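Letter by letter, the chains look like this.
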Amino acid sequence: MSSTEQEKLMTLPKKKLKILNWLWVLLFVAGLFISTNETKTDLGALFANFGEFADIFLQMLHPDWSYLVTVVPLLLETIKMAILGTAIGSVIAFIYSLLIARNIVKNKAVTGILRIIMNIIRTIPDLLLGAIFVAIVGIGPVAGVLALAICTFGIVVKLFYEAIETIDPGPIEALTAVGANKIQIIVFAVLPQVITYFISYCLYAFEINVRASTVLGYIGAGGIGLYLQQTLQIFDYPKTGTIIIVIIIVVVLIDYVSSKSREALMQ
Amino acid sequence: MADSAVKPIIELKNVKKVYGKDVVGLKDVNLTINKGEFVVIVGLSGAGKSTLLRSINRLIDITEGDILVNGESITKAKGKKLRTLRRHIGMIFQSFNLVKRSSVLRNVLTGRVGYYPTWKSTFNLFTKEDKQRAYDALQQVDLEDKVYSRADELSGGQQQRVAIARVLTQNPDIILADEPTASLDPQTSRRVMKDLQMLNEKHGMTVVINLHSVQLAQEFGKRVIGVRAGEIIYDGKMSDTPASTFDQIYSGGDQDE
């Protein structure tokens, strides 16, 4: 009797399988099948046409290097768009973050309303923004810059105001006691604590923007994306290949430099 | 009594502070502190020492009553008027409250910020005299070799002395010190208390300190105020205060709760 009891304690008790868990699994599997049927997803098509994919891929593997003359200036335009968009968006995000940080603006009505506006802006996807601005300012890089500026705003404002809210409140208290006004408190007590975060977030937004700006051209918002679409449409895969290779190289390079600088900043 | 030395500089009149709905911070406190005094406030944690001190420069808004600083009501002051009054009141904190990522010099210079218009201070346009003043202040606390160090490179005691240099640069009439030695070792604590004594004796500043340590209070204080459960239960000269009084102040905390 006692030995069996001891044995019970020694061995790991088996976890009881609940029927409810099995029901969940069944529900998910059924849901998967229903949605596959509903959307008429056919994985077979991918494999059936795999030969074609391989063909395109092979053509792209023989890039048309003479096309570089056209691609490089376009790429530069894309990067310029990303830089301008990041700069404009960050400046707005900087001011906006200070206005919605609750340890700086004590009025909850003000911060509340501004936060709702921020959240609405953040939900708009970049391609939709691009389309909207193409409709407003016409086809060209200006639309792209504006779309990127708002994307940047959405990324930076959220990260930055949260960083502001986590600062050490001590220096704010000290500056208040000294008789400083609101702006002086921000300059002397808040910014020294968060400015490196801000720069880091801007670089992060820039990384995203370089990638996003290559796609924005698709909808006519300037940059290299337009040519990506055109070469694809006329099945000129060697040229498409050139564009893609150049984009990959630049994005990887910028990501690397940016993340290294962010690491250095945070030390 | 025409002597300017007994001019009241801080006056609390029927000051009451209630936190939230029913947590009493201070109940009906009346207190007059004269120019040039060195006052220590003692009492248990939560007795209301911090509330009392912070209501003087209005880091905390009081619920009822009035507080006069240099004869002017700080409770009624707003905007620029409030900032000008605060300029005359320096403050030392338990956690030093330096900007850790800024240099020592910049931290000390923040003491002058209240004297500058916004745009000038924003672009760091401090006058030569003020920079010299900041450097002189650092010399007085023996930290002149740390001018350009980042504040977080300094030890706790050094940081508190930078805070004292900041107050010295601010050149206020009154210094409020809220547990200035609570996070320091005994030796460093004594050093900080000596610096505060120097501000009082050499620069004629009125000093009001919240202290935990009875020993430091007895060594440095000239006037003792005992606080318990939001009330002043003792007020007298240190030289007339027997050790048993401290026992009384620190006892019975539970009974009142």
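Small disclaimer: the values here were computed from a predicted structure and weren't measured.

Colleague: Explain the overall build of chain B here, please?
Modeller: Helix and strand counts for chain B come out as ten helices and ten strands. Over its C-alpha atoms chain B spans a radius of gyration of 18 Å, differing by no more than 12% from the 18 Å that the globule rule assigns to 257 residues. Its C-alpha atoms give chain B principal-axis dimensions of about 55 × 45 × 40 Å. Relative to its 257 residues, chain B shows a buried fraction of 52%. Contacts in chain B between residues at least 24 apart in sequence constitute 68% of all its contacts with a sequence separation of at least 6. Just so you have it, chain B exposes about 11,700 Å², and 47% of that area is on carbon and sulfur atoms. Across chain B, the mean location of the 37 positive side-chain charges is 8 Å away from that of the 31 negative side-chain charges.

Colleague: So what exactly am I meant to see when it comes to the interface of chain A and chain B here?
Modeller: Accessible area lost during the coming together of the parts is what is often quoted as the interface size. Contacts between chain A and chain B engage 21 residues on the former and 28 residues on the latter. Counting each side, the surface lost to burial between chain A and chain B is near 2,100 Å², with a carbon and sulfur contribution of 59%. By the criterion of area lost to chain B, the three top residues of chain A are Ala177(A), Val178(A) and Phe188(A), representing 31% of everything that side buries. Counting across the interface, chain A meets chain B through two salt bridges. Of the charged contacts, one joins Glu173(A) and Arg54(B) as a salt bridge, the two residues approaching to 2.1 Å between their closest N and O atoms. Here chain A is connected to chain B by seven residue pairs in polar contact (both at pLDDT 80 or more). Breaking the side of chain A that touches chain B down by element, the ones donating at least two residues are helix 9 (170-178) and helix 10 (182-216) of chain A. Its residues assigned to classes, the side of chain A that touches chain B comprises eleven nonpolar, eight polar and two charged.

Colleague: How should I be thinking about the pairing of strand 3 (residues 38-42) of chain B in this particular structure?
Modeller: Residues and elements named next belong to chain B. Most of strand 3 sits inside the fold, with five of its five residues counted as buried. Relative to strand 8 (residues 206-211), strand 3 runs parallel, the two being bridged by five bridges. Bridge pairing links Phe38 to Val207 in strand 8. Across four bridges, strand 3 lies against strand 9 (residues 223-228) in parallel orientation. Looking across to strand 9, one finds that Val40 is bridged to Val224.

Cut-offs and rules
- Residues numbered from 1 in each chain as written.
- Chains lettered and ligands numbered in written order.
- Predicted model: local features only at pLDDT ≥ 70, side-chain atom pairs only at ≥ 80, totals over all residues.
- Heavy atoms only, no water.
- Helix = DSSP H or I, 4+ residues; strand = E, 2+ residues; numbered from the N terminus.
- Rg over C-alpha atoms; globule rule 2.2 N^0.38 Å.
- Buried < 20%, exposed > 50% of the residue type's maximum accessible area, 1.4 Å probe, protein only.
- Contact = heavy atoms within 4.5 Å.
- Areas by Shrake-Rupley, 256 points an atom, 1.4 Å probe, with all protein chains shown as cover.
- Lys, Arg positive; Asp, Glu negative; His and termini not counted.
- Charge placed at Lys NZ, Arg CZ, Asp CG, Glu CD.
- Buried area = accessible area lost by both parts, 1.4 Å probe.
- Salt bridge = Lys/Arg side-chain N within 4 Å of Asp/Glu carboxyl O.
- Polar contact = N/O pair within 3.5 Å; in protein donor to acceptor, adjacent residues only side chain to side chain.
- Nonpolar A, V, L, I, M, F, W, Y, C, P; charged D, E, K, R; others polar.
- Pairing = 2+ DSSP bridges.

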